[in-house]
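Spelled out from the first residue to the last, the chains are:
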Amino acid sequence: MSVDSWVSAGSTAVGRRTGIAVRCQNVVHIYTTLAGHDVVALRGVNLDIAPGEQVALLGPSGSGKSTLLGLFGGLQRASAGKVVVDGIDISRIPESELTRLRAGKVASLLQGARRNLLTYASAAGNVEFARRGLAPADVRELPSPRQLLDLLGLGELTDKPVNAMSGGEQQRVALAVTVSSGAGLLLCDEPTSQLGHADRDTMVDLIQRVNAELGTTVVIVTHDPDIASRIPRRITIRNGRIGSEGVHGRDYAVIDQDGAVHLPEEWADDYPPGSLVEFEETEDGFFVRRVDVSPPGDHGR
Ligand SMILES: Nc1ncnc2c1ncn2[C@@H]1O[C@H](COP(=O)(O)OP(=O)(O)OP(=O)(O)O)[C@@H](O)[C@H]1O
């Protein structure tokens, strides 16, 4: 099957062209430490991510970014609330289904992912190895390793052994391997933290190419403002809640039930949870203005 026919084949178990949606409803996550103390990492997160969107999660250390990413990837379950991935509330499904979700629909690129590559094998060999657990019928729906690497602009690395690649090249191949099973959601935790300036930019180019070519929904945790500035939608987490959102290059506060901005109760109908607002100070006092952004499904935010 050619890349073109794969791309136009639409969504299948693993050969999906389109990204998948993520929705959080009042998500709370509490860790219990070995000493028996509770740590509240997320305190009621409401969030909608449309299929094919690119989202950066920002915020101070300890604010809950990695926890949220872990919930999206089914690495841990929310203590309360719903985490809906591709229409399935994954906080409620059995462990076996969660394992299938992690293997098929969600791709996670963790820090230092390149260390998981087979060093003696080529980029193509690593893609093949990553697909070994898939059913043959599902593999036939996917582009070949060579086609995938070409599609992502990594054609020159196809036959190169990993141990002859630079660190940046290895990280790019690690990303290609991560998405090679046709996942609809790519989660990246600090994907460029160990890279130099040029490799960092190339890595972000590649993440955006995955999004453009495969339609994959992308969520990136980053501390790097330069990376964040290249991602169309930026969500800042503060103290376990969504504090603000950047859309079209501007930052807005977010209304939440018990979150960042509290407004008088009688205004609740006009400013439901999740509304983005701007505050304006004039001689007559403070004004609040609701900002309408693109409706869910519009990826051009
Ligand atoms: N396994 C754990 N056990 C106990 N507490 C934890 C655990 N993992 C995270 N936490 C706590 O949960 C809170 C949120 O942590 P999280 O790692 O999600 O934040 P973060 O924003 O990703 O931070 P960083 O930017 O430093 O990675 C912090 O208070 C952290 O100490």
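Structure's up top.
Residues numbered from 1 in each chain as written. Predicted model: local features only at pLDDT ≥ 70, side-chain atom pairs only at ≥ 80, totals over all residues.

## What to know about the overall build of the protein chain
Worth spelling out the cut-off: Runs of H or I in DSSP of at least four residues are treated as helices and runs of E of at least two as strands, each being numbered from the N terminus. Counting other C-beta atoms within 10 Å of a residue's own tells you its class, since 20 or more makes it buried, 12 or fewer makes it exposed, and anything in between is partly exposed; those C-beta atoms are placed from the backbone. Residues are defined as contacting one another if the C-beta atoms placed from their backbone atoms lie within 7 Å.
Along the protein chain, the regular secondary structure elements total nine helices and 13 strands. Classification of the 301 residues of the protein chain by burial places 40% in the buried group. Taking all contacts inside the protein chain whose residues are at least 6 apart in sequence as the whole, residues at least 24 apart take part in 65%.

## Quick notes on helix α4 (residues 123–130)
For clarity, the cut-off: Throughout, the arc means that of the directions going from the helix axis to the C-beta atoms.
Taken residue by residue, α4 has A123, A124, N126, V127 and A130 as its buried positions. Projection of α4 onto a plane perpendicular to its axis shows the buried side chains occupying an angular sector of 160°, all on one side. Looking at the buried side of α4, the elements it contacts are α6 (145–151) and α7 (167–178).

## Some details on the sheet that holds strand β1 (residues 22–32)
Condition: The criterion for strand pairing is that DSSP finds at least two bridges linking the strands in question.
Taking strand neighbours across the sheet as the criterion, the four strands line up as β2-β1-β4-β5 in an open arrangement whose pairing is antiparallel. In the strand order of this sheet, the two ends are held by β2 (38–49) and β5 (88–89), each with one partner. Pairing analysis gives nine bridges linking β1 to β2, with the strands arranged antiparallel. Bridge assignment links C24 to a residue of β2, and that residue is L47.

## Points about the packing of α4 against α7
Note the following rule: To get an axis, a line is fitted to the C-alpha atoms, and for a helix only the part in contact is used. The angle between two axes follows their N-to-C directions and goes from 0 to 180 degrees. Note that the term roughly parallel is reserved for angles under 35 degrees, roughly antiparallel for angles over 145, roughly perpendicular for angles of 65 to 115, and oblique for everything else. The crossing is said to be left-handed when, going from far helix to near helix, the turn is anticlockwise and less than a right angle, and right-handed when the turn is clockwise.
Following both chains from N to C, one finds α4 and α7 inclined at 30°, their axes separated by 9 Å at the closest point. In terms of axis orientation, α4 runs roughly parallel to α7. Between α4 and α7 the crossing geometry is right-handed. Note on element contacts: α7 touches α4 through V173, A176 and V177, opposite A123, N126, V127 and A130.

## Examining the site of the ligand
How we decide: Nearness between a residue and a molecule or strand is assessed with a C-beta atom placed from the backbone; a distance within 6 Å qualifies. Gly is put with the polar residues, along with every residue not named as nonpolar or charged; the nonpolar set is Ala, Val, Leu, Ile, Met, Phe, Trp, Tyr, Cys and Pro, and the charged set is Asp, Glu, Lys and Arg.
Around the ligand lies a shell formed by Y31, T33, V39, A41, G59, S61, G62, S63, G64, K65, S66 and T67. With three residues, helix α2 (residues 65–72) is the single largest residue contributor to the shell around the ligand. Of the residues that constitute the shell around the ligand, the class distribution is three nonpolar, eight polar and one charged.

## Details of the environment of L58
Among the structural elements, L58 can be located in strand β3 (residues 54–58). With 73 residues separating them in the primary sequence, L58 and R131 have C-alpha atoms 32 Å apart. If we skip the residues at most four places from it in the chain, L58 touches T222, A228, R234 and T236.

## Things to note about the nonpolar core
Applicable threshold: The nonpolar core criterion groups buried Ala, Val, Leu, Ile, Met, Phe, Trp, Tyr and Cys residues into a set whenever they are joined through C-beta atoms within 7 Å.
Grouped together as the largest cluster of nonpolar side chains are 63 residues, with contacts concentrated most on L57, A176 and L186. Examining the composition of this core, we find that six residues originate from one element, helix α8 (residues 197–214), more than from any other. Not counting chain neighbours up to four residues away, the residues in contact with L186 comprise A107, L109, V179, V210, T216 and V218.

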